[in-house]
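# A closer look at the structure
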Amino acid sequence: MRKFSLVIFLALSAYASAQSSANEVFAAGVNDANKFINDYMSPVSEGMLYSISGGWYNTADAKPLGGFEISIIGNMAQSPDDKKSFILNTEDYENLQFVDGSISKEVSTGLGDIEGINVFVEDENGLFREEFELPTGLASENINFVPSAFVQVSVGLIKGTEIKARFLPKIETDDVEVGMYGVGLQHDFTKLLPADKILPVAISGVIGYTHLTGVYDFTDQDVIAGENQRLDMKMNTWVFQAVVSTKMPIINFYGGLGYLTGNSTVDVLGTYRVQSGPFIGDTYTDPFSVKTDASGVTGNIGAKLKLGFFRLHADYSMAKYNNLSVGINFGFR
């Protein structure tokens, strides 16, 4: 159970990487720490929004009244190269400076892997100076995707309508707590046609909403002095899709085109006491939040294999963060 919770919440390992240098980042002052961690973490949050939004359908052929399917779905939103780094301009910071004297430089986001970027902060008189290396990201651990996993249930209603629910029951460990739920609706427009049973394809519309919450408590990791230190994450996404699929007995192909919109807030909570640098002794409580919005067109293509009660499906979505979705399904009709 602990491993499963860490899979769904692997995105927080990038936040943990940021916190591994939090003592030094806070040494630059709370405003500089706020700006840096927002730029560093926003691509991870955006990737997570795309990841948890995948897998809403594996066919356009809606189930009849009483038909059902239970699925275990895993998604992997791939990290785009242009989201693995950002330009840090020291003129936008109050205290942070590059050791080599550069004004701006490409540095790693929570998805990237750029090592050896050294910065420093010092007081107005130059008497106190603190140097440290900026953190890398998930790619430094050979992780080039943001994962999610959940259980999804689909049940057929009347007149080509199918209702869906996805969930990850709240899982709690010593330092991680995560839960997710979502609801969706699919309507098969071809079910309204007299020739539905002989048509070789089905066409549907799908709407899905997903909500994820999570808490990562790193107080006991002694990253930076303080109390009750944690990251509190809340994510919400909507997807609107038009779907078409074949209607064959064993193997079918499907594709969709639509739009995704979502938002994420990660609150950095607790008390943080700076232990070095010109701001030594300063204490910050609930210092800031990382807020991220995501939106864009998505399109996917996939296939589904039906072997009686047992099914398999896989599809690949093209979007700002491309996503691979795979599922094991059990169902009737």
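Throughout this document, residue positions are counted from 1 along each chain, in the order its sequence is written. Local features are withheld for residues below a pLDDT of 70 in this predicted model, meaning they are given only at 70 or higher, and side-chain atom pairs are given and counted only at 80 or more; totals for whole chains, interfaces and linings count all residues. As a convention, hydrogens and water are excluded, and side-chain values are obtained from all of the structure's heavy atoms.

- Looking up the protein chain in an unreviewed UniProt entry gives the name Outer membrane protein beta-barrel domain-containing protein, with the organism given as Cellulophaga geojensis KL-A.

### So, the environment of Val-201
- Secondary structure elements follow DSSP: runs of H or I of four or more residues count as helices, runs of E of two or more count as strands, with numbering from the N terminus. When you line up the elements, Val-201 lands in strand β10 (residues 201–217).
- Each residue is placed in one exposure class: buried if its accessible area under a 1.4 Å probe, protein chains only, is under 20% of its type's maximum, exposed if it is over 50%, and partly exposed if it falls in between. Given the relative accessible area of 33%, Val-201 is considered partly exposed.
- Taking the C-alpha atoms as reference points, Val-201 and Lys-247, 46 residues apart in sequence, are found 5.5 Å from one another.
- By definition, residues are in contact when any of their heavy atoms lie within 4.5 Å. With near-sequence residues (within four places) excluded, Val-201 lies in contact with Thr-190, Val-244, Ser-245, Thr-246 and Lys-247.

### Topic: a negative patch on the surface
- Taken together, the side chains of Asp-113, Glu-115, Glu-133 and Glu-141 present a region of like negative charge at the surface.
- Among the secondary structure elements, Asp-113 is positioned in the loop between β4 (104–108) and β5 (118–122). Like-charged residues are merged into a patch within 9 Å and nonpolar side chains (Val, Leu, Ile, Met, Phe, Trp, Tyr) within 5 Å, provided each residue has over 30% relative accessible area and no salt bridge. Each accessible area value is a Shrake-Rupley result obtained with a 1.4 Å probe; residue values ignore everything except the protein chains displayed when judging cover. By salt bridge we mean one thing: a side-chain nitrogen of Lys or Arg within 4 Å of a carboxyl oxygen of Asp or Glu. Only four residue types enter the tally: Lys and Arg on the positive side, Asp and Glu on the negative side, with His and both chain ends excluded. The location of each charge is read from NZ of Lys, CZ of Arg, CG of Asp or CD of Glu.

### Some remarks on the environment of Thr-213
- By the element assignment, Thr-213 lies in strand β10.
- Counting along the chain gives 96 residues from Thr-213 to Phe-309, while the straight-line C-alpha distance between them is 33 Å.
- Look past the residues within four positions of Thr-213 in its chain and what remains in contact with it is Glu-177, Val-178, Gly-179, Met-233 and Lys-234.

### Regarding the nonpolar core
- The criterion is simple. A nonpolar core is a set of buried Ala, Val, Leu, Ile, Met, Phe, Trp, Tyr and Cys residues joined through side-chain atoms within 4.5 Å. Among the nonpolar cores identified, the biggest contains 62 residues, and Phe-26, Phe-36, Leu-88, Leu-96 and Leu-134 are the most heavily contacted of them.
- Those residues in contact with Phe-36, other than ones at most four positions away along the chain, are Val-25, Phe-86, Leu-88, Tyr-93, Leu-134 and Pro-135.

### Digging into the confidence of the model for the protein chain
- Confidence scores here are pLDDT values: one per residue, from the predictor, ranging 0 to 100. Looking at the protein chain, pLDDT values average 88 and 92% of them are 70 or higher.
- pLDDT under 50 marks residues 1–9. Its contacts with residues more than four places away, or in other chains, come to 26 contacts.

### Considering the pattern of salt bridges
- Scanning the entire structure with this criterion turns up 17 salt bridges.
- Glu-227 is paired through a salt bridge with Arg-273; the nearest N and O atoms lie 2.7 Å apart. One end of the pair, Glu-227, is in strand β11 (residues 226–246); the other, Arg-273, is in strand β12 (residues 251–273), and 46 residues separate them in sequence.
- Since its relative accessible area comes to 39%, Glu-227 is described here as partly exposed.
- Salt bridges here are not isolated pairs; linked through shared partners, they connect Lys-63, Glu-69, Glu-162, Lys-164, Lys-304 and Arg-311.

### Here's the deal with the environment of Ser-264
- In this structure, Ser-264 sits in strand β12.
- Linking Ser-264 and Val-290, residues 26 residues apart in sequence, is a C-alpha distance of 7.9 Å.
- Among residues more than four places away in sequence, those in contact with Ser-264 are Ser-45, Leu-49, Lys-234, Met-235, Val-290, Lys-291 and Thr-292.

### Considering the sheet that holds strand β3 (residues 97–98)
- Across the sheet, which stays open at both edges, the 3 strands sit in the order β3-β5-β6 with antiparallel pairing between neighbours. Both outer strands of the open sheet, β3 and β6 (129–133), are each paired with one neighbouring strand and no more.
- Two strands are said to pair when DSSP picks up at least two bridges between them. The sheet contact formed by β3 and β5 spans 2 bridges and is antiparallel. Considered in β5, the bridge of Gln-97 is made with Phe-120.

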